Amino acid sequence: QVQLVESGGGLVQAGGSLRLSCTAPRNIFSISAMGWYRQAPGKQRELVAGITSGGSTNYADSVKGRFTISRDNAKNTVYLQMNSLKTEDTAVYYCTALWVGVPYKWGQGTQVTVSS
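As the structure is a computational prediction, the values presented were derived from the model and not from experiment.

## Focus on the state of the cysteines
- Taken as a whole, this structure holds one disulfide when the rule is applied.
- Put simply, cysteine 22 and cysteine 95 are joined by a disulfide, and their sulfur atoms are 2.0 Å apart. Because the sign of the S-S torsion sets the handedness, a value of about -75° for the bond joining cysteine 22 and cysteine 95 places this disulfide among the left-handed ones. Of the two residues, cysteine 22 is situated in strand S3 (residues 18–23) and cysteine 95 in strand S9 (residues 91–99); the sequence distance between them amounts to 73 residues.
- On the basis of relative accessible area, cysteine 22 is assigned to the buried category, the value being 0%.
- We classify cysteine 95 as buried; its relative accessible area is 0%.

Next up, the structure:
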């Protein structure tokens, strides 16, 4: 049963931008920090960015200054704005709901492919 629904992935050239969206049920979104993870082929899943229910954010060093995470509490939606994309950003991106920093709900994933 998928409860986190992602959208916005796709194919983009290096240097381009994409925005990912993730909508969650209100009973999950209202109490949870939200985050985006990614997994590239042959690599472990890694945290890209997170945002608390109060709006505090954190980012992986590899995306600082390029990616921005935000949340719209009225729409139960979290966003990941990705700018200046690099080929190494190619991965499946997963939305997650976190409790005390631990993911407890996952989306189905959305593919982001950055071509050179």
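## Structural notes on the packing of aromatic side chains
- Summed over all chains, the structure comprises two aromatic pairs.
- Ring centres 5.1 Å apart and planes at 70° place the aromatic pair tyrosine 37 and tryptophan 106 in the edge-to-face group. With a gap of 69 residues between them, tyrosine 37 in strand S4 (residues 33–39) and tryptophan 106 in strand S10 (residues 102–106) connect regions that are remote in the sequence.
- Judged by its relative accessible area of 13%, tyrosine 37 is buried.
- By relative accessible area, tryptophan 106 is classed as partly exposed at 34%.
- Taking 6.3 Å as the distance between ring centres and 90° as the angle between the ring planes, the aromatic pair formed by tyrosine 94 and tryptophan 106 counts as edge-to-face.

## Topic: unusual backbone geometry
- For asparagine 76, which is not glycine, the phi torsion reads 55° and is therefore positive.
- Even without being a glycine, serine 84 presents a positive backbone phi close to 50°.
- Here serine 84 is to be found in the loop between strand S8 (77–82) and S9.
- For serine 84, a relative accessible area of 41% translates into the label partly exposed.

Basis of the calculations
Residues numbered from 1 in each chain as written. Predicted model: local features only at pLDDT ≥ 70, side-chain atom pairs only at ≥ 80, totals over all residues. Heavy atoms only, no water. Disulfide = S-S within 2.5 Å. Helix = DSSP H or I, 4+ residues; strand = E, 2+ residues; numbered from the N terminus. Buried < 20%, exposed > 50% of the residue type's maximum accessible area, 1.4 Å probe, protein only. Phe/Tyr/Trp six-rings, centres within 6.5 Å; stacked < 30°, edge-to-face > 60°.

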